[in-house]
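# Working through the structure, step by step
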Amino acid sequence: MATFVNDRTAQALRGESVTVTVPYSDWATVSSSITIGAEVSISEGGKQGTIGSIDSFGLTFEVVPFQPDFRFDGGSPGLLTADDTIIY
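Every chain is numbered on its own, with residues counted from 1 as its sequence reads. The predicted origin of the model limits local features to residues at a pLDDT of at least 70 and limits the giving and counting of side-chain atom pairs to 80 or more, whereas totals for whole chains, interfaces and linings rest on all residues. Side-chain metrics rest on all non-hydrogen atoms present in the structure, leaving aside hydrogens and water.

### Digging into the overall build of the protein
A run of H or I in DSSP counts as a helix once it spans at least four residues, and a run of E counts as a strand once it spans at least two, with each numbered from the N terminus. The helix and strand tally for the protein stands at one helix and eight strands. Secondary structure elements in the protein, listed N-terminal to C-terminal, are β-β-β-α-β-β-β-β-β. Radius of gyration here is computed from C-alpha atoms only, and the compact-globule reference equals 2.2 Å multiplied by the residue count raised to the power 0.38. Since a compact globule built from 88 residues should have a radius of gyration of about 12 Å, the 11 Å found for the protein is in line with a globular shape. Dimensions of the protein, computed from the C-alpha atoms along their principal axes, are close to 30 × 25 × 25 Å. Partly exposed describes any residue whose relative accessible area lies between the buried limit of under 20% and the exposed limit of over 50%, with all areas from a 1.4 Å probe on protein chains only and scaled to the type maximum. The buried share among the 88 residues of the protein stands at 36%.

### Let's talk about the sheet that holds strand E6 (residues 60-65)
Read across the open sheet, the six strands follow the order E1-E8-E4-E5-E6-E3; overall the sheet is antiparallel. Strands at the two margins of the open sheet, each flanked by one partner only, are strand E1 (3-5) and strand E3 (18-21). Recorded for the sheet is a direction-independent mean angle of 40° between the axes of neighbouring strands. In this structure, E3 lies alongside E6, joined through four bridges in antiparallel fashion. Counted as the bridge partner of valine 18 is valine 63 from E6. Two strands form a pair only when DSSP identifies at least two bridges running between them. Orientation is described by axes fitted as lines to C-alpha atoms, over the contacting stretch for helices, and by angles from 0 to 180 degrees between their N-to-C directions.

### Things to note about the packing of aromatic side chains
In this scheme Phe, Tyr and Trp rings, the latter by its six-membered ring, pair at centre separations within 6.5 Å, and the angle between planes marks the pair as stacked below 30 degrees, edge-to-face above 60, and tilted otherwise. As enumerated under the stated definition, the model contains two aromatic pairs in all. Plain terms: the ring middles of phenylalanine 4 and phenylalanine 61 are 6.3 Å apart, the flat faces sit at 75° to each other, and that makes the pair edge-to-face. One end of the pair, phenylalanine 4, is in strand E1; the other, phenylalanine 61, is in strand E6, with 57 residues separating them in the sequence. Take phenylalanine 4 and phenylalanine 61: they sit in the same class, and that class is buried. Ring geometry for phenylalanine 4 against tyrosine 88: centres 5.9 Å apart, planes inclined by 55°, an arrangement best described as tilted. Taken together, the residues phenylalanine 4 in strand E1 and tyrosine 88 in the segment after strand E8 (85-87) connect sequence positions 84 residues apart. A connected cluster of aromatic rings, assembled from ring pairs, spans Phe4, Phe61 and Tyr88.

### Observations regarding the pattern of salt bridges
The rule for a salt bridge is simple: a side-chain nitrogen of Lys or Arg has to be within 4 Å of a carboxyl oxygen of Asp or Glu. Using the criterion set out here, one finds three salt bridges in the structure. A salt bridge links aspartate 69 to lysine 47, with the shortest nitrogen-to-oxygen separation between them at 3.2 Å. Residue aspartate 69 is found in the loop between E6 and strand E7 (79-80), and its partner lysine 47 is found in the loop between strand E4 (39-42) and strand E5 (48-55); the two are separated by 22 residues along the sequence. The partner of arginine 71 in a salt bridge is aspartate 73, and the shortest N-O contact between them spans 2.6 Å. Under the relative-accessibility criterion, aspartate 73 is labelled buried at 2%. By sharing partners, the salt bridges in this structure join Lys47, Asp69, Arg71 and Asp73 into a single network.

Treat this as a map of the structure, not an account of what it does.
Okay, structure coming up:
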């Protein structure tokens, strides 16, 4: 397991995919390790999801949240903040 800190705040509403932004300095390492369908989580609160799509040019990937609450938000309800730590 490896980690990085999300680079941009994104809306993380119940049942919706969330855009995770990888810092440019970490992209080479992260992009070689992630695949569509892989599980990821947030260290704050333990929310989990799977990678639904990867945008190599935008340094982002979409996370589809898991049960029980179908949310992929960190310490701030409804938001994946720019300082949330992503575990992949």
